[in-house]
Amino acid sequence: MHIQGTNNMIKANRPQHIACEQQAKFIQERITLVEKHFAELCTIFAAYTRKNAGLRDKSDEVVKVIQDYAEAENVNKSLRNGLLQFSSTLSTIGDYRDTEVQRLETKVVTELSQYEDICKHAKEEVKNTFVARDRELARKKHLDRIKERNPRNRQQISLAESELLKASADVSRTVKALEEQIDMFEKKKLHDIKSLLLAFVTIELGFHTKAVELFTKAYQEVADIDEDEDLEDFQQIRGSLDGVKKDLLQSLCTYVNEFKNALRVPDSVSRLDTVKRTSFRNSSFSLANLFSTPTSFRKPSEGTHHSPFRTAASDVVESIKTGLEDSIESVHVEEYVEDESSSFVSEEDDRKHVRNKFK
């Protein structure tokens, strides 16, 4: 009776075992599907978060450049104030973007990354189910082998049947646990994917709502820049610089004129030198008159005897020549100051005349 009941139970459990195997395969496929797509979601949201972080960094660089320009601007006051306010607003937007990045990292990317371990644990549960099923199949084969070899050995057959019953109960317990685990897994998956997407939308809405408000403020700050006032300030500063430039040029011209006047020879000195040269040249005491030999001092003809006056006449001529040469050199020094070229020609003519007289 016991053996017959055991056989009937095993036969009744065969369709259940087949259904269990199919169910385990279905669960395994679902877990694999979730693992694949959640990994892709994690990868793409991580990339999206990094892009936002890069945009945050670039926004900080824009703020730095605008602030540098505003600090360097010292003419257009309205532009300077507008740039400072605009950069401050952009900096605030960058702060909100940084908060957005941190929230995406915490509430989206981190939650998605946890599904690697969750799917791994679910796969182990399915694997345990397959192990229990394989153990049950092994016990069944062992029972069939005993029945074929020792059909009359009731003790071994009973032992094999009890082990098979234990394995079947283990399979049933494992399958039931697997169903509970997979239900929890599916429930968590549905809840998490919904929560993650809602969190993503909420984070983006929060940032963009604040960004629209701040960008509106930034637009107004730029629009308040007074172009006419800044242009007027620039023209005033440029006009003051032109006045300073004119004053400098006028002072320079005055200095140059004073320097020229300081270098100019006084008219009294020029006139005095001119009078000296003119009176000397027009006087009867010219070089031609001085060096014309008197009749009494002319050379006697050959054969005549030297007179006593010849020696005296020679001395007079030598003394006059020496005095005139000194006078000529002094005159040439005075003339050189006024006109170098003309004095040089006069000096050469006088010297030639003197040489011709004394040859």
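Just so it is clear, the model here is predicted, and its values are computed rather than measured.

Enquirer: Looking at this structure, how should I read the overall build of the chain?
Expert: Helices and strands together make up the secondary structure of the chain, namely 9 helices and 0 strands. Across the 359 residues of the chain, 27% fall into the buried class. A fraction of 84% describes how many contacts in the chain between residues 6 or more apart in sequence connect residues 24 or more apart. Of the accessible surface of the chain, which amounts to about 25,200 Å², a share of 56% is contributed by carbon and sulfur atoms.

Enquirer: What should I look at first to understand a negative patch on the surface in this one?
Expert: Together, D226, E227, D228, E229 and E232 make up a region of like negative charge exposed at the surface. For E227, the position within the fold is in helix α5 (residues 227-263).

Enquirer: Help me out: how do you make sense of helix α3 (residues 115-149) in this one?
Expert: Residues spaced three or four apart along an α-helix point in a common direction, a consequence of the helix completing one turn every 3.6 residues. Taking 1.5 Å of rise per residue, the 35 residues of α3 would be expected to cover 51 Å, and the 51 Å separating its terminal C-alpha atoms lies within 8% of that figure. Inspection of α3 places Y115, C119, A122, E125, V126, T129, F130, A132, R133, E136, L143 and I146 among the buried residues, and these make up the whole buried set.

Enquirer: How do you make sense of the pattern of salt bridges when you look at a structure like this?
Expert: Side chains that carry opposite charge are capable of pairing whenever their charged atoms lie near each other. Evaluated as defined, the whole model comprises 10 salt bridges. The salt bridge partner of K189 is E186, with a shortest N-O separation of 2.8 Å. One end of the pair is K189 and the other is E186, both in helix α4 (residues 154-223) and 3 residues apart, which spans about a single turn. Given a relative accessible area of 22%, E186 falls into the partly exposed group.

Enquirer: Explanation requested: the packing of α3 against α4 in the structure shown.
Expert: Geometry of a packed helix pair, given as the angle between the helix axes and the separation of the axes. In contact at an axis separation of 8 Å, α3 and α4 are set at 160 degrees when each is read in the N-to-C sense. It follows that α3 is roughly antiparallel to α4 by the angle criterion. As α3 packs across α4, the resulting crossing turns out to be left-handed.

Enquirer: Before we go on, may I ask you to explain the packing of aromatic side chains in this structure?
Expert: How two aromatic rings sit relative to each other is given by the distance of their centres and the angle of their planes. Considering all chains together, one arrives at 3 aromatic pairs under this definition. Geometrically, the ring pair formed by F38 and Y115 is tilted, given 4.3 Å between the ring centres and 35 degrees between the ring planes. Note that F38 is positioned in helix α1 (residues 2-72) and Y115 in helix α3, a separation of 77 residues in sequence. A relative accessible area of 6% places F38 in the buried class. Here the aromatic rings of F45 and F200 are separated by 5.1 Å at their centres, their planes lie at 65 degrees, and the arrangement is edge-to-face. In this pair, F45 is assigned in helix α1 and F200 in helix α4, connecting sequence segments 155 residues apart. An aromatic cluster is defined as three or more aromatic residues linked by ring pairs; in this entry it consists of F45, Y48 and F200.

Enquirer: How do you make sense of the packing of helix α2 (residues 77-113) against α4 when you look at a structure like this?
Expert: Here α2 crosses α4 at 175 degrees, and the two axes come no closer than 9 Å. The orientation of α2 relative to α4 falls into the category roughly antiparallel. The class makeup of the residues in the contact of α2 with α4 is 16 nonpolar, 4 polar and 9 charged.

Enquirer: Even after reading the chapter, I still don't get α2, so can you show me in this structure?
Expert: The end-to-end C-alpha distance of α2 is 52 Å, a good match for the 54 Å that 37 residues give at a rise of 1.5 Å each. Considering bend angle alone, the principal kink of α2 is centred on E105 and spans about 35 degrees.

Enquirer: Would you take a moment to explain the confidence of the model for the chain for this structure?
Expert: Low pLDDT marks stretches whose predicted atomic positions should not be read closely. A residue-level look at the chain finds 64% of positions with pLDDT of 70 or above and a mean pLDDT of 75. Per-element mean pLDDT across the chain ranges from 47 in helix α7 (residues 287-290) up to 95 in α2. Taken as a whole, residues 293-310 scores under 50 in pLDDT and shows 3 contacts with residues more than four places along the chain or in a different chain. Confidence over residues 327-341 falls short of pLDDT 50; this stretch has 16 contacts with residues more than four positions distant or in other chains.

Enquirer: So what exactly am I meant to see when it comes to the nonpolar core here?
Expert: Soluble globular proteins: nonpolar side chains tend toward being buried together. Core analysis: the largest hydrophobic core is formed by 23 residues, its most contacted members being I31, L112 and F185. At the level of elements, α1, α2, α3 and α4 are the ones that each hand at least two residues to this core. The dominant element in this core, judged by the number of residues it contributes, is α1, at 8 residues. Those residues in contact with L112 that lie beyond four places of it in its chain are F38, L41, C42, F45 and L196. Of all hydrophobic cores here, the second largest spans 11 residues; its members include I66, L83, I93 and A211.

So, how was this worked out
- Residues numbered from 1 in each chain as written.
- Predicted model: local features only at pLDDT ≥ 70, side-chain atom pairs only at ≥ 80, totals over all residues.
- Heavy atoms only, no water.
- Helix = DSSP H or I, 4+ residues; strand = E, 2+ residues; numbered from the N terminus.
- Buried < 20%, exposed > 50% of the residue type's maximum accessible area, 1.4 Å probe, protein only.
- Contact = heavy atoms within 4.5 Å.
- Areas by Shrake-Rupley, 256 points an atom, 1.4 Å probe, with all protein chains shown as cover.
- Patch = residues over 30% accessible without salt bridge, like charges linked within 9 Å, V, L, I, M, F, W, Y side chains within 5 Å.
- Salt bridge = Lys/Arg side-chain N within 4 Å of Asp/Glu carboxyl O.
- Lys, Arg positive; Asp, Glu negative; His and termini not counted.
- Charge placed at Lys NZ, Arg CZ, Asp CG, Glu CD.
- Expected span 1.5 Å × (residues − 1).
- Axes fitted to C-alpha atoms, helices over the stretch in contact; angles between N-to-C directions.
- Parallel < 35°, antiparallel > 145°, perpendicular 65-115°, else oblique.
- Left-handed = near helix turned anticlockwise from the far one by under 90°.
- Phe/Tyr/Trp six-rings, centres within 6.5 Å; stacked < 30°, edge-to-face > 60°.
- Nonpolar A, V, L, I, M, F, W, Y, C, P; charged D, E, K, R; others polar.
- Bend = angle between axes of the 7 residues up to and from the residue.
- pLDDT = per-residue confidence, 0-100.
- Core = buried A, V, L, I, M, F, W, Y, C linked by side-chain atoms within 4.5 Å.

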